[in-house]
Amino acid sequence: RLAVVLQVLYLMFNEGYTASGGDVPIRGELTAEAIRLARVLHAALPGQAEVAGLLALLLLTEARRPARTDDDGWLVPLDRQDRSRWDAGMVAEGIDLLGRTLGTAPAGPYQLQAAIAAVHDEAAAAGQTDWPQILALYDVLEAVAPSPVVTLNRAVAVAMVHGPLAGLAVLGTLAADERLTHSHRLVAVRAYLQELAGRRDEARQDYLAASRGTLNTAERRYLRIKAAELSA
């Protein structure tokens, strides 16, 4: 039942990293507990590549948490974060763990997601992100563990490499996917790509629609601000 344990730890971490509801955007006690349990699991099963991959993924993602909100508690998107606030120790630990794991077994979804996180974390600035490498990793991830969330994230990578219209075309393949019916994520990503494409009115409408779909107060506020910026 190892796969189930890994999934539970991953879901616990995600709920802490982006709370699904309430006034607090991040629940640090959940991310910390998920990492603690992942360390315990890795110590018990050091030869399991996907266990190491999950721990690396959690560390590389958690490293950015200090920069995800500003001093007033407002959410800060990845491309605008002050990377000097990222936890360099966690980044180094995650990359080292991943480096010792990749190639020892067929790459699974957690190892591939950790590799994507590592590419983001190794970029000194948002403009230096190696998007072609990220897209290549998402292509592999989509083949290994296809899911609408993977396709959603891949659409952003496609947009960064081939342009926002190409990314929107990928999103179009998810329009009828019932697994995303009750999620605001698809609309939020579409808003972002519409904005990149210069479609201000469409982006504004999608940001507003996405804001109505989230139960997290901080996230709703961020999406409404994005819509207001496009109205200016």
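Just so we're clear, the structure is a prediction, and the values are computed from it rather than from any experiment.

Describing the overall build of the chain
When its secondary structure is counted, the chain shows eleven helices and two strands. For the chain, the N- to C-terminal ordering of α and β elements is α-β-α-α-α-α-α-α-α-α-α-β-α. Relative to its length of 232 residues, the chain is compact, with a C-alpha radius of gyration of 18 Å against a globular reference of 17 Å. Taken along its principal axes, the extent of the C-alpha atoms in the chain is 55 × 35 × 35 Å. When the 232 residues of the chain are sorted by exposure, 44% land in the buried category. Within the chain, residue pairs in contact and separated by at least 24 positions form 57% of the contacts whose partners lie at least 6 positions apart. Element-wise, carbon and sulfur atoms account for 56% of the exposed surface of the chain, whose accessible area totals about 11,600 Å². Distance between charge centroids for the chain: 4 Å, based on 23 positive and 27 negative side chains.

Section: the environment of D96
Tracing the backbone through its elements, the reader meets D96 in helix α4 (residues 88-101). Classification of D96 by relative accessible area gives partly exposed; the value is 42%. For the pair D96 and A56, spaced 40 residues apart in the sequence, the C-alpha separation amounts to 8.4 Å.

So, the environment of A191
Structurally, the position occupied by A191 is in helix α9 (residues 185-196). Between the alpha carbons of A191 and A210 there is a distance of 8.3 Å; along the sequence they are 19 residues apart. In contact with A191, other than residues within four places in its own chain, are A203, D206 and Y207.

What about the pattern of salt bridges?
One pass over the full model with this rule turns up 13 salt bridges. As a salt-bridge pair, R36 and E33 come within 2.8 Å of each other at their nearest N and O atoms. You can see R36 and its partner E33 sitting in helix α2 (residues 28-44), three residues apart, about one turn around the helix. Residue class for R36 comes out partly exposed when judged on its relative accessible area of 43%. E33 gets classed as partly exposed once you look at its relative accessible area, which sits at 30%. A salt bridge links R185 to E219; the shortest N-O distance between them is 2.6 Å. Remark: E219 occurs in helix α11 (residues 217-231) and R185 occurs in helix α9; sequence separation between them is 34 residues. Classification of E219 as buried rests on a relative accessible area of 11%.

Quick word on the side chain of S211
Among the structural elements, S211 can be located in helix α10 (residues 200-213). In contact with S211, other than residues within four places in its own chain, are R220, L223 and R224.

A look at the packing of α4 against helix α5 (residues 109-122)
Running from N to C, α4 and α5 cross one another at 135°; their axes reach a closest spacing of 10 Å. Comparing the axis directions of α4 and α5 gives the class oblique. Viewed along their axes, α4 and α5 form a crossing whose handedness is left-handed. Contact with α4, carried on its side by V91, I95, L98 and T101, involves Q111, A114, A115, A118, D121 and E122 of α5 and no other residues of that element. Classifying every residue of the contact of α4 with α5 gives six nonpolar, two polar and two charged.

Conventions used here
Residues numbered from 1 in each chain as written. Predicted model: local features only at pLDDT ≥ 70, side-chain atom pairs only at ≥ 80, totals over all residues. Heavy atoms only, no water. Helix = DSSP H or I, 4+ residues; strand = E, 2+ residues; numbered from the N terminus. Rg over C-alpha atoms; globule rule 2.2 N^0.38 Å. Buried < 20%, exposed > 50% of the residue type's maximum accessible area, 1.4 Å probe, protein only. Contact = heavy atoms within 4.5 Å. Areas by Shrake-Rupley, 256 points an atom, 1.4 Å probe, with all protein chains shown as cover. Lys, Arg positive; Asp, Glu negative; His and termini not counted. Charge placed at Lys NZ, Arg CZ, Asp CG, Glu CD. Salt bridge = Lys/Arg side-chain N within 4 Å of Asp/Glu carboxyl O. Axes fitted to C-alpha atoms, helices over the stretch in contact; angles between N-to-C directions. Parallel < 35°, antiparallel > 145°, perpendicular 65-115°, else oblique. Left-handed = near helix turned anticlockwise from the far one by under 90°. Nonpolar A, V, L, I, M, F, W, Y, C, P; charged D, E, K, R; others polar.

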